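Fold and contact review
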Amino acid sequence: LRYRLPPGPKGLPLIGNIFDLPRRFEWLTYQEWSRQYDSDIVHFEILGTHVVVLNSAAAASDLFEKRSKIYSDKPETTMLHLTGWNRNWGLIKYGDYWRLHRRVFHQYFRSTNVYAYHSASKKAVRDMIFSLHRTPDKFSQHIRFMTGSNILRIVYAMDIKDEDDPSLSLVEDAVDVISKIVIPGAYLVDSFPLLRHIPAWFPGSRFKRDAAKWKIIVDEMFMRPYRELKSSFESGALKPCVLTDMLADISRDTQGHDPAVLEDVVINTSGTTYAAAAETTGITLVTLVLAMLMHPEVQKTAQKEMESVLSEGRLPDLDDRESLPYVTALVKECTRWRPPIPLIIRKSLAHDEYKGFHIPAGTIMIGNAWAVLHDPETYPDPDTFNPSRFLDDAGRLRKDVPDPWATFGFGRRICPGRHFALDVLWLAAAGMLAAFSIEKPVDELGNVVEPTGEYLPGGISSPAPFKAAFKARSALDFAE
Ligand code: HEM
């Protein structure tokens, strides 16, 4: 009996499709293969490993959601363990240990709980607006500083003063290690067994030495803020933050779990937030700046909407969200137009059949979030940045256009920080547009510099560096 695999480029024996593989912007090639093979599910093989890509919302929902038992695993690797990043519970295997992390994290970041972080985020956005006013040239650093310092304050009650703060350098150095163990193109090296025979990538003695050095930094990042906060907690000097709440909750009731295991879960869930939140949210806001340069009419529409609702000198608040649907649509469109993580990686746990095709156990499954968010059936003219696609003629949010959730992944492993992320995105987007007119810069000769709109390739895709001018629209004396 020969199993029929999903269609895709035919590779050479043994090495498979290694020469067919795109090296940049893979999501575009996978989307193209779907058209070429007339199938929303495509297959290729690389060095003995099967890879299946799902290029439609329907296929992603059929497998990642309806068959989540088989498709919620991640390709956990020795690299993660060697560098200490196995504490990143977003990358760990599906099972009870993962489930416990998810449950603990969810208690603090579920949709009904994230209002607890509004005032911190509001303050972080205000600080960012003042920084943007002072040194607009550094806008992407200011945005990144806001997303990073905000999550550290919320989770650890850390007061990060500026970009040179040693606590910030520690988390940044630790997060940097992840990029060293991921091949550009989103795959962890040792997801592919045969790749281990390629010396430069093999976790050999050189790599092991480097990994041991990096592990010290990564362990320190997870443990230092935890130990500091735990000792204040034990001394009774309670610093209000997520970790303090977690410590209080587990000291009251372990719900039948081994306290040592639960302590690790608390360390991991708190320690993973920075890596998960800072860059993803920051990139989405840089995308917003880029979109505003490319679409001045969108910016004007959002500003007009705010003028009709906000009194002079007041920054928009989340209570204004109901009355500012265009701003909400604009934020949705940022997450749809350029998702920072275009490809979602999973590993299948058992043999399966789908649409008459065989999917072997151990297949690397790729959810092409980009293709889902750029499906012209759901989002006509998908490459155009157009917030109005989410609004009806009366300017209200439409219920019949799907929210661009795929930016946050699929099924049981969908980003559990998305409610919080959307709050921060909304506050920052509305705040920036209320305070500034974001314009194309002018060079020394007085010529307007057009943005290229280019993005950098990689598992996390961000806009190529560009310049923007931030011109204050109102006196920056925002009242509380
Ligand atoms: C715009 C901002 C963000 C984007 C685009 C984003 C995107 C994603 C994606 C694509 C995944 C993988 C989902 C999957 O495998 O199906 C993920 C997982 C995760 N995200 Fe986010 N995220 C964002 C913000 C955040 C924030 C602010 C937090 C924390 C407060 C967070 C915490 C996590 C965690 C803990 C996981 C792992 C969940 C698991 O494996 O069960 N994310 N995110």
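Model, not experiment: these values are computed from the prediction. (Residues numbered from 1 in each chain as written. Predicted model: local features only at pLDDT ≥ 70, side-chain atom pairs only at ≥ 80, totals over all residues.)

**Quick look at the overall build of the protein**
The criterion, for reference: A run of DSSP states H or I qualifies as a helix once it reaches four residues; a run of E qualifies as a strand once it reaches two. Both are numbered from the N-terminal end. Only the C-alpha atoms count toward the radius of gyration. The rule for a globule is 2.2 Å times the residue count to the power 0.38. Contact definition: two residues whose C-beta atoms, as placed from backbone geometry, lie within 7 Å.
Along its length, the protein carries 15 helices and 10 strands. Scaling as 2.2 N^0.38, a compact globule of 480 residues should have a C-alpha radius of gyration of about 23 Å, and the protein matches this with 23 Å. Dimensions along the principal axes, computed over C-alpha positions, put the protein at roughly 75 × 60 × 45 Å. A sequence separation of at least 24 residues applies to 74% of the contacts in the protein between residues at least 6 apart.

**Regarding the UniProt feature "binding site: heme" (unreviewed entry) in the protein**
Under the convention used in this document: UniProt positions are given in the numbering used here, feature names are shortened, and annotations may be inferred rather than shown by experiment. With C-beta atoms placed from the backbone, a residue counts as buried when 20 or more other C-beta atoms lie within 10 Å of its own, as exposed when 12 or fewer do, and as partly exposed for counts between those limits.
According to UniProt, the positions carrying the feature "binding site: heme" (unreviewed entry) are C415. Within the secondary structure layout, C415 lies in the loop between α14 (369-373) and α15 (418-435). The exposure class assigned to C415 is buried, which follows from the 20 C-beta atoms found within 10 Å. Once you skip the residues sitting within four places of it in the chain, C415 turns out to touch F408 and G409.

**Notes on the environment of M292**
Here M292 lies in helix α11 (residues 259-294). Among the residues examined, M292 registers 26 C-beta atoms within 10 Å and is labelled buried. Along the backbone, M292 and K440 are 148 residues apart, and their C-alpha atoms lie at a distance of 9.0 Å. Contact partners of M292, with chain neighbours within four places excluded, come to V298, Q299 and I438.

**Focus on the site of the ligand**
The criterion, for reference: The rule is simple: place the C-beta atom from the backbone, and if it lies within 6 Å of a molecule or strand, the residue is near it. Any residue outside Ala, Val, Leu, Ile, Met, Phe, Trp, Tyr, Cys, Pro, Asp, Glu, Lys and Arg is labelled polar, Gly included; the first ten of those are nonpolar and the last four are charged.
G90, A277, G409, C415 and G417 are the nearest of the 25 residues found near the ligand. Secondary-structure elements contributing two or more residues to the shell around the ligand are α5 (96-109), α11 and α15. Its residues assigned to classes, the shell around the ligand comprises 14 nonpolar, 9 polar and 2 charged.

**Some details on the confidence of the model for the protein**
Any region with low pLDDT has predicted coordinates that should not be read closely. Using the following cut-off: What pLDDT reports is the predictor's confidence in each residue, on a scale of 0 through 100.
For the protein, the average pLDDT comes to 91, and 90% of its residues sit at 70 or higher. Overall, residues 184-189 carries pLDDT values under 50, and its contacts beyond four positions in sequence, including any with other chains, amount to 18 contacts. Across the interfaces of the predicted complex, the ipTM metric reaches 0.99, alongside a pTM of 0.94.

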